[in-house]
Amino acid sequence: MAAVDEILAGKDICICAGSGGVGKTTTAAAIAAGMAARGLKVCVLTIDPAKRLADSLGLRELGNDAERVDPALFERHGVEMKGELWAMMLDAKATFDELVARQAPDEEARDRVLGNRIYQQISNALAGSQEYMAMEKLFELHTEGRFDLLVLDTPPTRNALDFLDAPRRLTQFIEGRSLRVFMRPTGLAARVAGRGASVALSVFKRIVGFDLLADLAEFFNAFSGMVDGFQARAQRVNGLLSDRRTCFLVVCGPQGEPVDEAVYFHRKLVEAKLPFGGVVVNKVHYPAERLRGDGADLAADLTAKLGDADLARRVGENFADYQALAERDAGNIERLSAELRTSRTIRVPYLDEDVHDVAGLAEIDRYLFASSEEREALAAGRPPTAARRADTSRRP
Amino acid sequence: MRRYSHDHPLFLPPAEIARNRPVTDLLDKRVAFVTGKGGVGKTTVAVALGMRAAAEGKRTIVCEVSAQENASRIFAHAEVGFHEREMAENLWAISIDPEEAMREYVLLQLKVRAMRDMLFRSRIFSYLAAATPGLKELVTIGKIWELAQLDRKVKRGRKYDLVIVDAPATGHGIGFLQTPRTFAAIARVGPIHSQAQQLDRLIVDREHTGVAIVALPEEMPVNESAALERDLRTDVGVAVDRVYMNGLYPERFSGEEAERLGELAAGEDGAMRAAARAALSEHNRARSQRAQLARLRRRVEAPVKALPFLFEPELGVEAAGRLAKRLG
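Residues numbered from 1 in each chain as written. Chains lettered and ligands numbered in written order. Predicted model: local features only at pLDDT ≥ 70, side-chain atom pairs only at ≥ 80, totals over all residues.

### Points about the overall build of chain B
Heads up, the rule is: We count a stretch as a helix when DSSP gives it H or I for four or more residues in a row; a strand needs E for two or more, and each element gets its number in order from the N terminus. Between the buried cut of 20 or more and the exposed cut of 12 or fewer other C-beta atoms within 10 Å of a residue's own C-beta lies the partly exposed class, and all C-beta atoms are placed from the backbone. Whether two residues are in contact depends on their C-beta atoms, placed from the backbone: they are in contact if these lie within 7 Å.
Broken down by element type, chain B carries 13 helices and eight strands. In chain B, which comprises 328 residues, the proportion classed as buried is 49%. Restricting to contacts in chain B with at least 6 residues of sequence separation, those with at least 24 account for 72%.

### Things to note about the overall build of chain A
In terms of helices and strands, chain A carries 18 helices and eight strands. Put simply, chain A has 396 residues, and 45% of those count as buried.

### Some details on the environment of Lys136 of chain B
Residue and element names in this part refer to chain B. On the secondary structure map, Lys136 appears in helix 7 (residues 135-148). Its 22 C-beta neighbours within 10 Å are what place Lys136 among the buried residues. Lys136 sits 39 residues away from Asp97 along the chain, and the two C-alpha atoms are 8.9 Å apart.

### Notes on the packing of helix 11 (residues 255-267) of chain B against helix 12 (residues 270-299) of chain B
Residues and elements named next belong to chain B. Using the following cut-off: In this analysis an axis means a line fitted to C-alpha atoms, helices contributing only their contacting stretch, and an angle means the value between N-to-C directions, from 0 to 180 degrees. Here a crossing is taken to be left-handed if its near helix is turned anticlockwise relative to the far helix by less than a right angle, and right-handed if that turn runs clockwise.
At a minimum axis distance of 8 Å, the contact between helix 11 and helix 12 shows a crossing angle of 145°. Here helix 11 runs over helix 12; the crossing is left-handed. Contacts between helix 11 and helix 12 involve Ala258, Leu261, Gly262, Leu264 and Ala265 from the former and Met272, Arg273, Ala276, Arg277, Ala279, Leu280 and His283 from the latter.

### Things to note about the nonpolar core
Note the threshold: As used throughout, a nonpolar core is a set of buried Ala, Val, Leu, Ile, Met, Phe, Trp, Tyr and Cys residues joined through C-beta atoms within 7 Å of each other.
Counting residues in hydrophobic clusters, the biggest one holds 108 residues, and the most contacted among them are Cys14, Ala32, Val42, Val151 and Leu368 of chain A together with Ala275 of chain B. Non-local contacts of Leu368 of chain A, meaning those with residues more than four positions away in its chain, are made with Ala3, Val4, Ala30, Ile31, Gly34, Ile346 and Val348 of chain A. Counting 76 residues, the second largest nonpolar core, distinct from the first, contains Val163, Ile192, Leu216 and Leu323 of chain B.

### Thoughts on the sheet that holds strand 5 (residues 149-153) of chain A
All names here are of chain A. Stated formally: DSSP calls a pair of strands paired once it identifies at least 2 bridges connecting them.
The strand order across the open sheet built from eight strands is 3-4-2-5-1-6-7-8, with neighbouring strands paired in mixed fashion. Each edge of the open sheet is held by one strand with a lone partner, namely strand 3 (67-68) and strand 8 (345-349). As defined by bridge partners, strand 3 adjoins strand 4 (residues 84-89) across two bridges and the pair is classed as antiparallel. Paired with Arg68 across the two strands is Trp86, which belongs to strand 4.

### Regarding unusual backbone geometry
Positive phi outside glycine occurs at Lys273 of chain A, with the angle close to 55°. Examined against the element boundaries, Lys273 of chain A turns out to sit in the loop between helix 14 (256-271) and strand 7 (276-284). The phi dihedral of Asn90 of chain B falls on the positive side, at around 65°, and the residue is not glycine. You can see Asn90 of chain B is positioned in the loop between strand 3 (85-88) and strand 4 (91-95).

### Considerations on the pairing of strand 2 (residues 60-64) of chain B
All names here are of chain B. Burial of strand 2 is extensive: five of the five residues sit out of reach of the surface. Covered by surrounding structure in strand 2 are Thr60, Val62 and Glu64 together with Ile61 and Cys63, the residues of both alternating faces. Bridge count between strand 2 and strand 4: five bridges; the pairing is parallel. Bridge pairing in strand 4 places Thr60 opposite Leu91. Note that strand 2 and strand 5 (residues 162-169) share five bridges and pair parallel. Its bridge partner being in strand 5, Ile61 is matched across the sheet by Val163.

### Brief notes about the confidence of the model for chain A
All names here are of chain A. Just so we agree on the cut-off: Values of pLDDT, ranging from 0 to 100, describe the predictor's confidence in every residue of the model.
Here chain A averages 78 in pLDDT, and 70% of its residues register 70 or above. Element-level mean pLDDT values for chain A span from 53 in helix 10 (residues 177-183) up to 94 in strand 6 (residues 246-252). Low pLDDT, under 50, characterises residues 185-194; the predicted model gives this stretch eight contacts beyond four residues in sequence or across chains. The low-confidence segment residues 386-396, where pLDDT is below 50, has twelve contacts with residues more than four positions distant or belonging to other chains.

### Let's talk about the sheet that holds strand 4 of chain B
Residues and elements named next belong to chain B. Spatial strand order, 3-4-2-5-1-6-7-8: eight strands in an open sheet with mixed pairing. Looking at strand neighbours, the two that pair on one side only are strand 3 and strand 8 (304-308), the edges of this open sheet. If you compare each strand with its neighbour and ignore which way they point, the axes differ by 25° on average. Relative to strand 4, strand 3 runs antiparallel, the two sharing three bridges. Pairing of Ala88 across the sheet is with Leu91, part of strand 4. Taken strand by strand, helix 12 contacts strand 6 (209-215), strand 7 (242-248) and strand 8, and its axis lies near 175° from that of strand 7.

### Structural notes on helix 9 (residues 190-204) of chain B
Keep this limit in mind: What a helix is expected to span follows from its residue count: subtract one and scale by 1.5 Å.
In a regular helix each residue adds 1.5 Å, so 15 residues correspond to 21 Å; helix 9 of chain B covers 22 Å between its end C-alpha atoms and thus fits that length. Within helix 9 of chain B the residues assigned to the buried category are Ile192, Gln195, Ala196, Leu199, Asp200, Ile203 and Val204 of chain B.

### Re the environment of Ile364 of chain A
Residue and element names in this part refer to chain A. Position of Ile364 relative to the elements: it lies in helix 17 (residues 358-368). A count of 24 C-beta atoms within 10 Å places Ile364 in the buried class. Sequence separation of Ile364 and Tyr350 is 14 residues, and the distance between their C-alpha atoms is 10.0 Å.

### A few points about the pairing of strand 7 of chain B
All names here are of chain B. The condition that has to hold: Throughout, right-handed denotes a crossover for which the path from the first strand over the helix to the second runs clockwise when the strands point away from the viewer.
Where burial is concerned, most of strand 7 is hidden: six out of the seven residues are buried. Relative to strand 7, strand 6 is paired through four bridges, and the arrangement is parallel. Looking at strand 7, one finds that Ile213 is bridged to Val243. Considered for its hand, the β-α-β crossover made up of strand 6, helix 10 (residues 219-236) and strand 7 is right-handed.

### Focus on the packing of helix 14 of chain A against helix 16 (residues 309-340) of chain A
All names here are of chain A. How we decide: The scheme is simple: roughly parallel for angles under 35 degrees, roughly antiparallel for over 145, roughly perpendicular for 65 to 115, oblique for anything else. Amino acid classes used here: Ala, Val, Leu, Ile, Met, Phe, Trp, Tyr, Cys and Pro are nonpolar; Asp, Glu, Lys and Arg are charged; the rest, including Gly, are polar.
Their axes nearest at 10 Å, the elements helix 14 and helix 16 cross at an angle of 10°. By the criterion of interaxial angle, the relationship of helix 14 to helix 16 is roughly parallel. For the pair helix 14 and helix 16, the contacting residues are Gly256, Val259, Ala262, Val263 and His266 in the first and Asn332, Arg335, Leu336, Glu339 and Leu340 in the second. The residue makeup of the contact of helix 14 with helix 16, split by class, is five nonpolar, three polar and two charged.

### Comments concerning the confidence of the model for chain B
All names here are of chain B. With 86% of its residues at a pLDDT of 70 or more, chain B shows a mean pLDDT of 83. The least confident element of chain B, judged by mean pLDDT, is helix 1 (residues 14-20) at 51; the most confident is strand 6 at 95. Every residue in residues 1-12 is under pLDDT 50, and counting partners more than four places away or in other chains gives 13 contacts. The ipTM assigned to the predicted complex is 0.79, against a pTM of 0.82.

### Re the environment of Leu264 of chain B
For Leu264 of chain B, the location among the structural elements is in helix 11. Expressed as a C-alpha distance, the spacing of Leu264 of chain B and Arg277 of chain B, which sit 13 residues apart in the sequence, is 8.8 Å. Here Leu264 of chain B is in contact with Lys305 and Leu306 of chain A together with Met272 and Ala276 of chain B, once residues within four sequence places are set aside.

Rendered as structure tokens:
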């Protein structure tokens, strides 16, 4: 086991990845807050956070500017901010528009792209554009060098893998190389491809019923001056992601399905030669194995102590239910650690209350940044002590 | 540029449609879309609804739309793929792969074999199909519509009374259901125009099509469910039939009992302390969940039905069966 600050030592970028509904946004915010408390200037980039979380951090609606989170908010909950916490709520469409504006050779070219229907569909809806734009913003902030650490909360793709694949797919689409050669009516490729291709096009047009080709042609035309800029940038973004100062944290839940997805996602990270840092498992039921089997006399003990057989029975049933879940979680996490061949598995327990405020983030940080003694206490079913380590602050 | 507008003569304003349609019970419809935020248990609820309908004697098929094969997982079945597989009596499942659906669509559209072969061989066709925004969603909804036909287009197709769709998560879900309308507005001529119109009519037809949202008793899922219901009404023209609040803990202890358990947890050690703590944790959770349930009821118009949390290591077919009994 390791704590988040050990995993992130010397890193510039932390990317939290995982499937939907596993608490990525909260984890990213808690990591950023914890690292800022330890002395770094941190910015968390998030997409669509829970409104109450955003409100409690004093953040306004979507905007593409980083905002400083008031340290007094954390101090009120006993967390001293030695560094600075900044947050940015990403607006994917605005980022894409900015990127086009930057890459366009002139205003006319920019307006042609921004007004094109295919572009509008892509920038709004095409799977991958949110992911791509998140990377883009990450790259931009990293280049500016204003922060010690950037924490990215990845978009809620149903399938976590889309996230890795998205930038490549999007640039390929924008390049449109294979299509553009066919669209040039007198091009050599068109003649080589011959009648087959043109029949395919006309059949497609007949089925779809609208002149998609005209729109696509216009789109690629409008983009033609920018393709090289996009490609070069995409390569630099990819370079940044595989840099050793970048770190991917896989976030998941303790049930079988999220664990399977985390295993799969980890494999894809390794295949893509991206730097895996560790895995955070949220909403884990504690305690587990320690109490297995010593509950034989529990019912009698409880009845004696509570003087209420019915209440004792319900307490016992509830405990058995919890233990079943705790055992399941422990089994799944064991499997996860084995499959990932990692000891960097951080468990955050299923807390009694939803986490949507600063107090909740501070609570989660006690687990994410727990020392080894605190982790032992955790495993024994006791919450870690409120005393936090103060010796971990560092600046790169 | 051609764009869909709400005063397009083809369509009533969506909110108007949502108001004017009669309500029938979700399971008496032909198609039921199950949607909601990621990780709330959509697939489990979709499968449970399917089991419930099947138990009532309805021939039912559960469709997955993003090749996740979660339904087959619940049935502990091998991946079903783009085939109608029988899972239980009266209950089938299919995973709709857009590429397969596109292929099937082309086969049904083009009667000339040489032309079909040429199209499938052509790289440019698959490129265009992938590049056309919304085409994947359109052919997926087209396949759902085809499954719901009493006179199936596919050869030897089975007749179903009910098609249950494990729809994409919030956000993507809205776009998914809007696709036919967007397409009908963009494509002015040809088969897709009329078919997209037909599909849009299916989606807004309250008599035959239902929508259920699945929520969890937590802050963010409740907010998103309320927003989803509103967006479905204003942007798609669909009224939600039911909201399922999934994973509700039982209220096992009263406030007074919780106090006594608090004292016990403070004074004891070992198993007794752990049991008391587990009870307190359950009590707190159950209480905050009830508050979220009340919030959900205040914030959505559709009737809300609470579903119990199942204390099961993994949700399988038995758990889904027990949930099915509680869906009413």
